[in-house]
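Given next are the chains, with one letter for each unit.
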Amino acid sequence: MGVVIGFGASQSVQAQCTAKNEAFQSGEHVMYDLYFNWKFIWKKVGLASLTTNATTYHSEPAFRFNLLCVGSKKTDFFFKMRDTLTCYVSDKLEPLYFRKAAEEGSRYTVDEAWFSYNNGTANVKQKRTWLDRDPQEMEYSDERCIFDMLSILAQARSYDVNTFKEGDKILFPMATGRKVEEQTLIYRGKQNVTANNDTIYRCLVFSFVEYKKGKEKEVITFFVSDDKNHLPIRLDMYLNFGSAKAFFKSVRGNRYPMTSIVGKK
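The rules behind these values
Residues numbered from 1 in each chain as written. Predicted model: local features only at pLDDT ≥ 70, side-chain atom pairs only at ≥ 80, totals over all residues. Heavy atoms only, no water. Core = buried A, V, L, I, M, F, W, Y, C linked by side-chain atoms within 4.5 Å. Buried < 20%, exposed > 50% of the residue type's maximum accessible area, 1.4 Å probe, protein only. Helix = DSSP H or I, 4+ residues; strand = E, 2+ residues; numbered from the N terminus. Contact = heavy atoms within 4.5 Å. 1 Å grid on protein atoms, 1.4 Å probe; cavity = no way out; pocket = protein on both sides within 12 Å on 5 of 7 lines; lining within 4 Å. Points joined across faces, edges and corners; volume = space filled by probe spheres on them. Nonpolar A, V, L, I, M, F, W, Y, C, P; charged D, E, K, R; others polar.

J.: I'm lost on the nonpolar core in this one. Help?
T.: It is characteristic of soluble globular proteins that their nonpolar side chains tend to be buried jointly. Phe206, Ile233 and Phe248 are the most contacted members of the largest nonpolar core, which has 41 residues in total. Listing elements by their share of this core, those giving two or more residues are strand S2 (29-38), strand S3 (41-57), strand S10 (169-175), strand S11 (180-194), strand S12 (199-212), strand S13 (215-225), strand S14 (232-239) and strand S15 (242-252). At 6 residues, S12 tops the list of elements feeding residues into this core. Contacts of Ile233, omitting those with residues within four sequence positions, involve Tyr32, Val193, Ala195, Tyr201, Cys203, Phe223, Val224, Ser225, Ala246, Phe247, Phe248 and Met258. Core analysis: the next-biggest nonpolar cluster, separate from the first, contains 18 residues, Ala23, Phe63, Leu93 and Phe115 among them.

J.: Please clarify how empty space enclosed by the protein should be interpreted in this entry.
T.: Leftover empty space is mapped by rolling, across the atoms, a probe with the size of a water molecule. Under the counting rule described, the total for this entry stands at 1 cavity of 30 Å³ or more. Of the voids in this model, the largest cavity is the one considered here, and its volume is about 60 Å³. Taken together, Phe24, Leu50, Thr52, Phe65, Leu150, Leu153, Ala154 and Arg157 make up the full set of residues lining the largest cavity. Broken down by secondary-structure element, the contributors of at least two residues to the lining of the largest cavity are S3 and helix H2 (149-156). Top element by residues in the lining of the largest cavity is H2. It accounts for 3 residues. Within the lining of the largest cavity, the residues separate by chemical class into 6 nonpolar, 1 polar and 1 charged.

In short, geometric facts, not functional conclusions.
See below:
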């Protein structure tokens, strides 16, 4: 049986929102190939890149993450995607700011989230902007730490997975643009994965799931290198209009050697 690990269950928010970066360094740049399942055929539709840089936020040391997903114009007729995600965290991996500009199909939205901390409480202000209607804004506070989709990935890369057992669940609230939702990560164990550089990596597998009417629904499956980098090697995304995959292609600026390599294809 797995156990449930909740952020902020018994410790202060300050203790839970901050963590020591054990996995990445400034200058890391990762490239992925994007695929979409169309009429039972997996077709390459574009590229994605994840970059990490040291910077400042309100004059304090910080990291900035940029995730860019760009579909090719040749495949726009069945899958159009132009997503740009930006996230700032403190040098202790505390969420500070998140922005997602998404063009998916005929829809274009911009989501923003501003995080602040006061007397053991985490606060977030969110704003969603559309092209054709008034912006929607909301505020939320919690005694636990509130994450966005990039800051949770940044912090999760420094988890000590040796303490995890298959089936363990990690619970946390996440800002999604218009609201804060309870989210669950489940550790699924280890699996060998072939990347798009003809290299096989030993990976840790995490499922990002939602619960609707008591049923578990897979949202994203993360395959993360089983070495000190904890680098995302493959992402399986289950979208409302189909499924997509991102396959690791190359990396430069990684902090540690890729000791998770088990062989060549």
